[in-house]
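If you want the building blocks of each chain, they are given just below.
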Amino acid sequence: MKILAIGAHPDDLEIFAFGTLTEWAAMGAELVLAIATDGAKGGALPAAELRAKRAAETTAALAPLAVPRFLGFPDGGLRADAALEECLRDLIAGERPDLLLTHAPNDYHADHRALSAAASQAAGFSVPVLWMDTLNGTGFAPSHWVGITPHWPAKEAAIRAHVSQDPERFVHMANRQAAFRAGECNAPPEHRAEAFRFEPRFPFADIRGLLPPAPPLRPVGRR
């Protein structure tokens with residue numbers, strides 16, 4: 001199985017899906033990781049310096065999983081236009097993934113929304129598209145949950161690799177959100193989960209067989 005995961009910025013895959021990507025890797029899946037923009041607006045450093053720093057940070061953060069590919073689009077200026085669609089279409093055609101993972105169409109950042117729209121167009125009839133949770137879960141209705149409790153320390157470490165981004169704020173946010181998503185499944189308080197959404201679209205109706213396990217079922221009242 002091959003998974004193509006595309007984040008808009010360096011650190012997005014770490015924040016929204018690192019635990020699930022790690023679980024896929026443990027299952028033997030091949031991971032292809034791509035970053036759409038250069039991240040050059042994510043801080044006060046000069047653009048060229050920040051671009052290089054953020055590339056180094058996400059390369060280190062994702063090293064346990066794969067070497068990321070940088071698509072090189074300008075941070076803050078991503079558009080769901082022909083250039084982005086063609087780039088993504090070529091990436092999909094070259095890799096032939098079984099599943100494409102990217103941002104939700106209603107996520108908070110305009111770059112996230114543009115990438116989501118372009119990815120859906122580029123995917124066409126070639127590959128099903130799975131959306132990552134939104135920032136703080138705002139406006140997001142999950143269809144699937146993945147238990148990531150064993151991988152939580154690795155996820156925190158990956159987020160903290162982004163020193164330029166004041167990472168503790170994202171560690172705290174991700175921890176709160178993952179605890180809530182696990183709680184939706186009645187998991188114990190110490191458990192963590194990541195949530196995703198899949199909307200069936202011909203010819204792809206059911207992708208559960210492509211996903212890592214959900215948190216264990218635990219009826220109310222059972223300890």
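Residues numbered from 1 in each chain as written. Predicted model: local features only at pLDDT ≥ 70, side-chain atom pairs only at ≥ 80, totals over all residues. Heavy atoms only, no water.

Right, let's get into the overall build of the protein. A count of helices and strands for the protein gives six helices and seven strands. In the protein, the order of α-helices and β-strands from amino to carboxyl end is β-α-β-α-β-α-β-α-β-β-α-α-β. Its C-alpha atoms give the protein a radius of gyration of 17 Å, within 12% of the compact-globule value 17 Å for 223 residues. Each of the three principal axes of the protein carries a C-alpha extent, and together these read 55 × 40 × 30 Å. The proportion of buried residues among the 223 residues of the protein is 51%. Of the contacts made within the protein by residues no fewer than 6 positions apart, 78% connect residues no fewer than 24 positions apart. In the form shown here, the protein has an accessible surface area of approximately 9900 Å², with 57% of it arising from carbon and sulfur atoms. Averaging the locations of the 22 positively and 26 negatively charged side chains of the protein gives two centres separated by 5 Å. (Helix = DSSP H or I, 4+ residues; strand = E, 2+ residues; numbered from the N terminus. Rg over C-alpha atoms; globule rule 2.2 N^0.38 Å. Buried < 20%, exposed > 50% of the residue type's maximum accessible area, 1.4 Å probe, protein only. Contact = heavy atoms within 4.5 Å. Areas by Shrake-Rupley, 256 points an atom, 1.4 Å probe, with all protein chains shown as cover. Lys, Arg positive; Asp, Glu negative; His and termini not counted. Charge placed at Lys NZ, Arg CZ, Asp CG, Glu CD.)

Taken in spatial order, the seven strands line up as 3-2-1-4-5-7-6 in an open sheet, and their pairing is mixed. Both edges of this open sheet fall to strand 3 (69-73) and strand 6 (144-147), since each of them pairs with a single strand only. Within the sheet, the average angular offset between the axes of one strand and its neighbour, ignoring direction, is 25°. On the sheet, helix 4 (residues 110-123) packs against strand 1 (2-7), strand 2 (30-37), strand 4 (99-102) and strand 5 (129-132) and is oriented at approximately 170° with respect to strand 5. (Pairing = 2+ DSSP bridges. Axes fitted to C-alpha atoms, helices over the stretch in contact; angles between N-to-C directions.)

Of the consecutive residues phenylalanine 202 and proline 203, the connecting peptide bond is found in the cis state with omega at 5°. On the secondary structure map, proline 203 appears in the segment after strand 7 (193-197). Of note in the backbone geometry, asparagine 136 takes a positive phi value of approximately 60° without being a glycine. Among the structural elements, asparagine 136 can be located in the loop between strand 5 and strand 6. We classify asparagine 136 as partly exposed; its relative accessible area is 40%. One non-glycine residue, asparagine 186, lies in the positive phi region at around 60°. Locating asparagine 186 in the fold gives a position in the loop between helix 6 (168-184) and strand 7.

Glancing now at the pattern of salt bridges. Side chains carrying opposite charge are able to pair once their charged atoms draw close together. For the coordinates displayed, the defined rule picks out 14 salt bridges. Arginine 69 is paired through a salt bridge with glutamate 95; the nearest N and O atoms lie 2.4 Å apart. Of this pair, arginine 69 sits in strand 3 while glutamate 95 sits in helix 3 (residues 82-95), and the two are 26 residues apart along the sequence. On the accessibility criterion, arginine 69 (37% relative accessible area) is partly exposed. Linking arginine 89 and glutamate 85 is a salt bridge whose minimum nitrogen-to-oxygen distance equals 3.4 Å. Residue arginine 89 and its partner glutamate 85 are both found in helix 3; the two are separated by four residues, about one turn of the helix. By relative accessible area, arginine 89 is classed as partly exposed at 38%. (Salt bridge = Lys/Arg side-chain N within 4 Å of Asp/Glu carboxyl O.)

At a closest axis distance of 9 Å, the pairing of helix 1 (residues 12-26) and helix 5 (residues 152-160) adopts a crossing angle of 155°. Between helix 1 and helix 5, the interaxial angle falls into the category roughly antiparallel. Of the two possible hands of crossing, helix 1 and helix 5 adopt the one that is right-handed. In contact with Glu14, Ile15, Phe16, Ala17, Phe18 and Gly19 of helix 1, helix 5 contributes Ala154, Lys155, Ala158 and Ile159. By residue class, the composition of the contact of helix 1 with helix 5 is seven nonpolar, one polar and two charged. (Parallel < 35°, antiparallel > 145°, perpendicular 65-115°, else oblique. Left-handed = near helix turned anticlockwise from the far one by under 90°. Nonpolar A, V, L, I, M, F, W, Y, C, P; charged D, E, K, R; others polar.)

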